[in-house]
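Next come the chains, spelled out residue by residue.
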Amino acid sequence: NVILEAKDIVKTYGYEDNKIYATNHIDLQIEEGSFVAIVGRSGSGKSTLLHILAGLVKPTKGEVYLEGKSLYEMNDHTLTRFRRRRMGFVFQFFNLISTQNVLENIVLPIHLDDGEIDDDYLNEIINLLGLEEKKNSFIYELSGGQQQRVALARALASKPAIIFADEPTGNLDAKSSKEVVDLLKIAQRKYHETVILVTHDQEIASIADRVITIEDGKIIQDTNHI
Ligand code: ADP
Ligand code: ADP
């Protein structure tokens with residue numbers, strides 16, 4: 001089953017002589033429950049593609065469908081709600097709220113959406129991510145690896161259809177990096193999550209079922225590892 005589909009995605013920046021094709025006619029289908037890594041050098045267009053797939057940046061041309069729904073035909077309000085309900089995000093710089101504790105950060109997207117909190121599930125993911133002892137800690141009391149585990153718990157809390165991870169290990173040491181991608185993999189398996197991971201690190205990418213290589217805004221390689 002295809003969960004995410006991108007059709008002829010073009011994103012340009014600048015005009016005329018200075019025009020850059022950050023993504024240059026990209027077509028993509030992502031299978032439900034798969035773990036996909038998008039790799040490429042700095043400036044190749046990975047982040048732009050991820051942001052377009054996640055409804056964060058409108059493409060110049062083309063359309064993205066998540067669960068059959070066209071993202072860029074939705075109005076901003078509908079898209080924001082759809083993102084909160086169906087997508088989880090993990091970023092390089094964690095994007096946690098430092099003045100709130102771990103638990104408050106994890107349930108924030110559910111609160112923003114007036115959603116119901118499933119306490120059993122919440123405790124399960126907190127345990128899975130090794131955060132049971134940190135529930136009441138403030139974000140600034142945590143290491144980078146712990147902060148990224150909080151971000152991952154937050155991404156999982158709303159039981160999304162898909163998790164987008166943009167260089168989630170970019171700010172972590174080797175040990176924490178391995179821990180975080182292993183946990184992403186466990187989340188994929190346990191909850192049948194679809195995961196899209198952007199990384200410039202080939203070793204990190206090797207955990208994926210499928211590795212898509214981007215160069216100059218184009219897919220130059222697409223390899224299955226299962
Ligand atoms: P990567 O994530 O692989 O490092 P990006 O998607 O960030 O690549 O960038 C792809 C290309 O688009 C680069 O040439 C970059 O300079 C350009 N670019 C990205 N975002 C912008 C922007 N907001 N304005 C202008 N150019 C941009
Ligand atoms: P970068 O990849 O450039 O280092 P981030 O991954 O932190 O930066 O953020 C990329 C883009 O996504 C930014 O333009 C930011 O405004 C947007 N963004 C970050 N967090 C969220 C969020 N929770 N909801 C919506 N947009 C976000």
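Residues numbered from 1 in each chain as written. Chains lettered and ligands numbered in written order. Predicted model: local features only at pLDDT ≥ 70, side-chain atom pairs only at ≥ 80, totals over all residues. Heavy atoms only, no water.

An unreviewed UniProt entry annotates the protein chain as ABC transporter ATP-binding protein of Faecalibacillus faecis. Recorded under Sequence similarities (unreviewed entry), the UniProt text for the protein chain is reproduced unchanged: "Belongs to the ABC transporter superfamily." (UniProt positions renumbered as here; feature names shortened; annotations may be inferred.)

Summarise the sheet that holds strand S1 (residues 2-13); cite the residues concerned and give the values.
Strand order in this open sheet of 4 strands is S2-S1-S4-S5, and the pairing throughout is antiparallel. For this open sheet the edge positions go to strand S2 (20-31) and strand S5 (69-70), each flanked by a neighbour on one side alone. Of the strands in this sheet, S1, S2 and strand S4 (61-66) are in contact with helix H1 (residues 46-53), which crosses S2 at around 55°. (Pairing = 2+ DSSP bridges. Helix = DSSP H or I, 4+ residues; strand = E, 2+ residues; numbered from the N terminus. Contact = heavy atoms within 4.5 Å. Axes fitted to C-alpha atoms, helices over the stretch in contact; angles between N-to-C directions.)

Let's hear about the site of ligand 1: which residues, and what values?
Taken together, Tyr13, Ile20, Ala22, Arg41, Ser42, Gly43, Ser44, Gly45, Lys46, Ser47 and Thr48 form the complete shell of residues around ligand 1. Measuring from an oxygen atom of ligand 1, one finds a backbone N or O atom of Gly43 at 2.7 Å. One of the backbone N or O atoms of Ser44 is found 3.1 Å from an oxygen atom in ligand 1. In isolation ligand 1 offers 560 Å² of accessible surface; the protein chains occlude 58% of this area. Every element with two or more residues in the shell around ligand 1 is listed here: S2 and H1. Of the residues forming the shell around ligand 1, the biggest block, 3 residues, is contributed by H1. Residues of the shell around ligand 1, tallied by class, amount to 3 nonpolar, 6 polar and 2 charged. (Near = heavy atom within 4 Å. Polar contact = N/O pair within 3.5 Å; in protein donor to acceptor, adjacent residues only side chain to side chain. Areas by Shrake-Rupley, 256 points an atom, 1.4 Å probe, with all protein chains shown as cover. Nonpolar A, V, L, I, M, F, W, Y, C, P; charged D, E, K, R; others polar.)

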